[in-house]
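Coordinate inspection notes
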Amino acid sequence: MEFKGSHILSVSQFTIEDIYTIFKTAEIMEPYASRKKKTKVLEGAVLGNLFFEASTRSRISFGASFNRLGGFVNDTVGFKFSSMAKGESIHDTSRVISGYVDLMVVRHPEKGSVTEFSEASSVPVINGGDGPGEHPTQALLDLYTIYKERDSQLNNLNNLRICLVGDLKYGRTIHSLVKILSLFKNITYIFVAPEQLQIPEEIAEFLKSKNHLVSKIDNLKEAVSNMDIVYVTRIQEERFEDRQEFLNLQGYFRFNKEVYDNYCRENTIIMHPLPRDSRPESNELDVDLNDIHNLAIFRQTDNGIPIRMAIFALVLDVVNKVSQYGTDVQWYTPKR
Ligand code: NCD
């Protein structure tokens, strides 16, 4: 795809070549992401970081990535203090904000809403999560994490065996990740969820049509044996219309050290997009796994910075100028 000036709305936009371009650009960004270097390449550029739905890491990660390229970030958080609470349409909000900024990141609770934003915007729009729809940059950072865990070789993403656990119906990170993985060859997907939260049928059918192996099961311990990746997700409480239905499913699966030690292969990588729901009634990914090296959750969050820097640099067409505007950092940074 042509990145310059493009909206990033869905992983369906990407080919394997695009993923290669994004990962190679992310590798260029690594020293800036880990504060070995700094750059002013986006000095003067403004990002509109519009989050109409709860977020901690995505909002800060998008903002910090833009800052690390030398740009300025303007944030808004929540509906309540936005003009949408006064009845303003997505069209008008988008048209107005695009007159103020160079790029927008938008998170919104309705599926399809970020595409609607992009249609009214004169600047590129990046989907930061549209309800239960998609979360393309999360899928890129998840895929980049798997790539790095597998010797940074795109070929090593072929033949992957991945088990996806939790809320597969509403989890947008799942929807984006399984679709982007389908670009590779011979993937085995095991979807572990109670019937009500299983992967939408059209997604399962799409994966099968690409010649991948798909199975749905309701038994965590059976599913996790012999997997390269176990990707656990939070039950998306905010998407349930009937609270009782959420309460009935809360804590349905709990992936912990006992399950890991007794049922997983030694080299299985554990992932989660975060936040994990650490309330005792939920606890889908237990803190007793925290000391296990194969728990990749914080490597995932760290990888969000070079990936989002790469997307910004590609869309604003500055990849080749990053080092020209780069210098060493002069402040204390811990060794990583
Ligand atoms: C996820 C999201 O918002 O979709 N979080 C994230 O962006 N890393 C997952 C979730 O909220 O469960």
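Residues numbered from 1 in each chain as written. Predicted model: local features only at pLDDT ≥ 70, side-chain atom pairs only at ≥ 80, totals over all residues. Heavy atoms only, no water.

Here's the deal with the side chain of Arg308
We apply this condition: By definition, any uninterrupted DSSP run of H or I lasting at least four residues is a helix, any uninterrupted run of E lasting at least two residues is a strand, and each is numbered from the N terminus. A 3.5 Å cut-off defines polar contacts: any pair of N or O atoms within that distance qualifies, except that in protein one atom must be a possible hydrogen donor and the other a possible acceptor, and neighbouring residues in sequence count only when both atoms are side-chain atoms. Contacts between residues were defined by any pair of non-hydrogen atoms, one from each residue, lying within 4.5 Å.
Within the secondary structure, Arg308 sits in helix H11 (residues 297-315). A distance of 3.1 Å separates a polar atom in the side chain of Arg308 from a polar atom in the side chain of Thr137. Excluding residues within four positions of it along the chain, Arg308 makes contact with Ser58, Ser61, Phe62, Ser65, His135, Thr137, Gln138 and Leu141.

Some points on the pairing of strand E8 (residues 213-217)
Convention followed: Pairing between strands is defined by DSSP: at least two bridges between them are needed.
Sheet topology places strand E7 (residues 188-192) next to E8; five bridges connect them, and they run parallel. By the bridge assignment for E8, Phe191 is matched with Lys216.

A few points about the site of the ligand
Our working rule: Nearness of a residue to a molecule or strand requires only that one of the residue's heavy atoms be within 4 Å of it. A 1.4 Å probe and the Shrake-Rupley method give the accessible areas. Residues count as covered only by the protein chains that appear here. Method remark: on a 1 Å grid restricted to protein atoms, a set of points is classed as a cavity if a 1.4 Å probe fits but cannot get out and as a pocket if it is open with protein on both sides within 12 Å along at least five of seven lines; lining residues have an atom within 4 Å of a point. More than half of a molecule's atoms lying within 2 Å of a cavity's or pocket's grid points is what places that molecule inside it.
By nearness alone, every residue bordering the ligand is listed as Arg57, Ser58, Arg107, His135, Gln138, Arg172, Thr173, Arg234, Gln236, Pro273, Leu274 and Pro275. Side-chain polar atom of Arg234 to an oxygen atom of the ligand: 2.8 Å apart, as the coordinates give it. Gln236 is positioned such that a nitrogen or oxygen atom in its side chain is 2.8 Å from an oxygen atom of the ligand. Here the ligand loses 95% of its free accessible area of 320 Å² to cover by the protein chains. The cavity where the ligand resides is the largest pocket. Taken together, the elements giving at least two residues each to the shell around the ligand come down to helix H2 (57-68) and helix H6 (172-181).

Examining the pattern of salt bridges
In plain terms, the rule: Between Lys or Arg on one side and Asp or Glu on the other, a salt bridge is scored when a side-chain nitrogen of the former is within 4 Å of a carboxyl oxygen of the latter. The buried label goes to any residue with under 20% of its type's maximum accessible area, the exposed label to any with over 50%, and the partly exposed label to all in between, with areas taken from a 1.4 Å probe on protein chains only.
Counted by the stated rule, this structure contains 17 salt bridges. A salt bridge links Glu134 to Lys179, with the shortest nitrogen-to-oxygen separation between them at 3.2 Å. With a gap of 45 residues between them, Glu134 in the loop between strand E5 (125-130) and helix H5 (136-149) and Lys179 in helix H6 connect regions that are remote in the sequence. Exposure remark for Glu134: the relative accessible area of 7% places this residue in the buried category. For Lys179, a relative accessible area of 22% puts it in the partly exposed group. Among the salt bridges present, the one from Glu237 reaches Arg279, with a minimum N-O distance of 2.7 Å. Of this pair, Glu237 sits in the loop between strand E9 (229-232) and helix H9 (243-249) while Arg279 sits in the loop between strand E10 (269-271) and H11, placing them 42 residues apart in sequence.

Section: the sheet that holds strand E4 (residues 103-108)
The criterion, for reference: Note on method: axes are straight lines fitted to C-alpha atoms, helices fitted across the in-contact stretch only, with angles between N-to-C directions ranging 0 to 180 degrees.
Spatially, four strands are ordered E3-E2-E4-E5 in an open sheet, and the strand pairing comes out parallel. Edge positions in the sheet fall to strand E3 (72-77) and E5, since each of these pairs with one other strand and no more. The sheet shows a mean angle of 10 degrees between the axes of neighbouring strands, taken without regard to direction. Sitting on the sheet, helix H4 (residues 113-120) is in contact with strand E2 (46-51), E4 and E5, with an inclination near 160 degrees to E5. Sheet strands in contact with H11 are E2, E4 and E5, and its direction is about 130 degrees off that of E4.

Observations regarding the layout of surface pockets
Here is the rule we go by: Grid points are joined across faces, edges and corners, and a volume is the space filled by probe spheres set on the points. Throughout this entry, Asp, Glu, Lys and Arg are counted as charged residues, while Ala, Val, Leu, Ile, Met, Phe, Trp, Tyr, Cys and Pro are counted as nonpolar. The remaining residues, Gly among them, count as polar.
Of the volumes computed, that of the largest pocket is approximately 410 Å³. Forming the walls of the largest pocket are 21 residues, and the residues nearest its centre are Arg107, Arg172, Arg234, Leu274 and Pro275. Where the lining of the largest pocket is concerned, the elements lending two or more residues are H2 and H6. A class-by-class count of the residues in the lining of the largest pocket yields four nonpolar, ten polar and seven charged.

Topic: empty space enclosed by the protein
Space left empty within the atom packing is revealed by a probe, the size of a water molecule, rolled over the atoms. Under the criterion given, the structure shown has one cavity of 30 Å³ or more. Approximately 90 Å³ is the volume attributed to the largest cavity. Lining the largest cavity, in full, are Val165, Gly166, Thr233, Ile235, Phe246, Gln250, Gly251, Tyr252, Phe253, Asp277, Ser282 and Glu284. Tallied by class, the residues present in the lining of the largest cavity amount to five nonpolar, five polar and two charged.

Keep in mind that these numbers describe shape and distance, not what the molecule does.
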